Amino acid sequence: MTRIVWLCFVLGLWQPFTLLGAPHIIVHPSVPVEQLSVAQLRSIFLMRQLQWPNGAPIRVFVLTTQSAGHQQFSKECLQLFPYQVERVWQKLTYSGIAPPPTELSSDMAMLEMISATPGAIGYVEQYDERYAAKVLPLQ
Amino acid sequence: MGISLWLMASSCYAHEAWHWHGYVSQGLIRAQDSNFVNNSGDWSSELTEFGMNASWQLQPSVRIAGQLMYLDGGQRYQKGHRIDYLFVNWTAHSSLDWQFDILVGRFKNMHWLYSSTRDVAMTRPLIVLPQSIYFDAFRDIAVGSDGVAIQSNHTGSFGELELNWSLGATPVSREQSRLVLSRQITGETEQDYVQQLSAFWRPVRSAAQYGISLLDSDFNYRADATDPYVHAWFNVQRFMLNWRYSAERFELSSELMQERIDATGFLAPNFKRVQFAQGAYLLARYQWTPQHAFIASIDKFYANKDDRGGRLLPLQSAGLIAPFFGYQTDLAVAWSYDIQKNLRLKAEMHWIEGTGRLGPNVVPDIAINRSRQHHIMALQLMYWF
């Protein structure tokens, strides 16, 4: 069994990310979604999915790409390394397919922005219930 | 704090439909013993890339995007400005598991690993990409098309699947034709059409991505009265496989291609040749620290898979064309240093054997490209926003 796991790892068929201590996914209360799968979350944060199911535009916010929060979010929630995420954003930005997400500097700024922006989605390391942002569980 | 964030949110609302970005890069390059950059083999500053792009969200499902860029690569490609892309993007379907987009206008080639951003310095792993796949003399023809394209993304239990299809044509300038066909041409080249299809698949919880792409294209060449060549028709068909493996500190990527070229005319009215070219590269990138990365690649190209050593070339050209025009092997190493978040310095060195991927490739430049072995050194500073 160990050999099979190692073989899968070497061939790239399995990527050992964990969800321990993962950041909280937060959205504006108007967002008509109650949970997301990792693949759906990835579609949104890789700017492939630009609308919510009700047609409202998705507004994506991320922490500064070099911050520990973003690094953790990329690896544990998107199950991608930060350089992979950034490469997709650059590809989409410079081929005209989609704009990159908006960067914010802190959890507090993220909570404020998500609470104030209809259709917004982002993430925080520490959720604060005083804000109107809604937490989305990952499937 | 609260007021400023409210103002920022309002500003996002007001300007969210409008985005603009850009990049500028300048470098120094020296290609010794070849005509890759210039004929002298001296250091050159002809390594300039500048681009500005903008997009406008007209409606939730309709966007317009365009990019104007300026390129100076010496003899690698045509110098000057061009509209890299300008298209309308209609999102025909958008659900959490499936997105379907239609693009009309001039769009980028999304079918290969680096094709859509080969002209954007900081997105390339190397200053000079593996020429077997990303042949610089063909850059303007391969980078995009005028026509219609479809992009579709699916997610599910199988993982992520991206499907792309495009049909269009690219205007070909005389300078561009000279880079590909011959320096002496005086006629006009036209691309009749290019149709491409590609699929990229990333299995669930996988560090690897796999891709396949197909290309079919027709060109015609109209000789004029003073032309040393005659009317010609070319059909190009390309089959490609690509693969990428991503780990935290290192990444491997590879593309393989076979290209069928069916040429009629050009050298003589009744000239006819069908030839299969092959090429492949393996590229490795190691992130040593958050700022420093090292890259190494090996790239191989054979102009004729049935004559890998190029032995037929002297026989077909009365001894004028040396066998080494039939292949090219490029071993490259590079260093990348992120000085700041949006400011990067790259340096690289290529050791090359063979001249199979030096333009022009229909009538080779035997006067300058006389050496079987040649080198490229390059240094480039790039900034983007």
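Structure's up top.
Residues numbered from 1 in each chain as written. Chains lettered and ligands numbered in written order. Predicted model: local features only at pLDDT ≥ 70, side-chain atom pairs only at ≥ 80, totals over all residues.

Some details on the overall build of chain A
The condition is simple: The way it works is that DSSP assigns letters per residue, a run of H or I at least four long becomes a helix, a run of E at least two long becomes a strand, and they are numbered from the N terminus. Buried residues are those with 20 or more other C-beta atoms within 10 Å of their own C-beta, exposed residues have 12 or fewer, and partly exposed residues lie in between; C-beta atoms are placed from the backbone. Contact between two residues is assigned whenever their backbone-derived C-beta positions fall within 7 Å.
If you tally the helices and strands in chain A, you get five helices and five strands. When the helices and strands of chain A are placed in sequence order, the string is α-β-α-β-α-α-β-α-β-β. Buried residues in chain A amount to 45% of all 139 residues. In chain A, 64% of the contacts between residues at least 6 apart in sequence involve partners at least 24 apart.

Remarks on the interface of chain B and chain A
Inclusion rule: Throughout this entry, Asp, Glu, Lys and Arg are counted as charged residues, while Ala, Val, Leu, Ile, Met, Phe, Trp, Tyr, Cys and Pro are counted as nonpolar. The remaining residues, Gly among them, count as polar.
Across the contact, 40 residues belong to chain B and 33 residues belong to chain A. Looking at the side of chain B that touches chain A, the elements that each hand over two or more residues are helix H1 (2–15), strand S1 (18–32), strand S2 (48–59), strand S3 (62–72), strand S4 (80–95), strand S5 (98–108), strand S6 (144–156) and strand S10 (232–246) of chain B. In terms of residue class, the side of chain B that touches chain A is made up of 15 nonpolar, 18 polar and seven charged.

Some details on the sheet that holds strand S1 (residues 24–27) of chain A
All names here are of chain A. For the record, the criterion: For two strands to be treated as a pair, DSSP must find at least two bridges joining them. Each axis is a line fitted through C-alpha atoms, and for a helix only the stretch in contact is used; angles between axes span 0 to 180 degrees, taken between their N-to-C directions.
The five strands are arranged S3-S2-S4-S1-S5 in an open sheet whose pairing can be described as mixed. With one partner strand each, in any of the chains shown, strand S3 (102–104) and strand S5 (134–136) form the two edges of the open sheet. Neighbour-to-neighbour, the strand axes of this sheet turn through a mean angle of 35°, independent of strand direction. Bridging between strand S2 (residues 59–63) and strand S4 (residues 120–124) involves two bridges; their strand directions are parallel. Within S4, the residue paired with Arg59 across the bridge is Ala120. Packing against the sheet, helix H3 (residues 68–78) makes contact with S1, S2 and S4, and its axis sits at approximately 120° to S2. Against the sheet, helix H5 (residues 107–116) contacts S1, S2, S3 and S4, and its axis sits at roughly 155° relative to S4.

A word on unusual backbone geometry
A cis amide bond links Gly359 of chain B to the next residue, Pro360 of chain B, at an omega of -15°. Relative to the elements of secondary structure, Pro360 of chain B occurs in the loop between strand S15 (343–353) and strand S16 (373–384). Positive phi is not limited to glycine here, since Gln79 of chain A has a value of about 55°. Mapping Gln79 of chain A onto the fold places it in the loop between H3 and helix H4 (82–94). Although it is not a glycine, Phe266 of chain B sits at a positive phi angle of roughly 75°. Position of Phe266 of chain B among the secondary structure elements: in the loop between strand S11 (250–265) and strand S12 (272–287).

Observations regarding the environment of Asn164 of chain B
All names here are of chain B. With respect to the helices and strands, the residue Asn164 is situated in strand S7 (residues 159–169). Taking the C-alpha atoms as reference, Asn164 lies 16 Å from Thr117; in sequence the two are 47 residues apart. Not counting residues within four places of it along the chain, the set of residues in contact with Asn164 comprises Met110, His111, Ala149, Ile150, Gln151 and Ser198.

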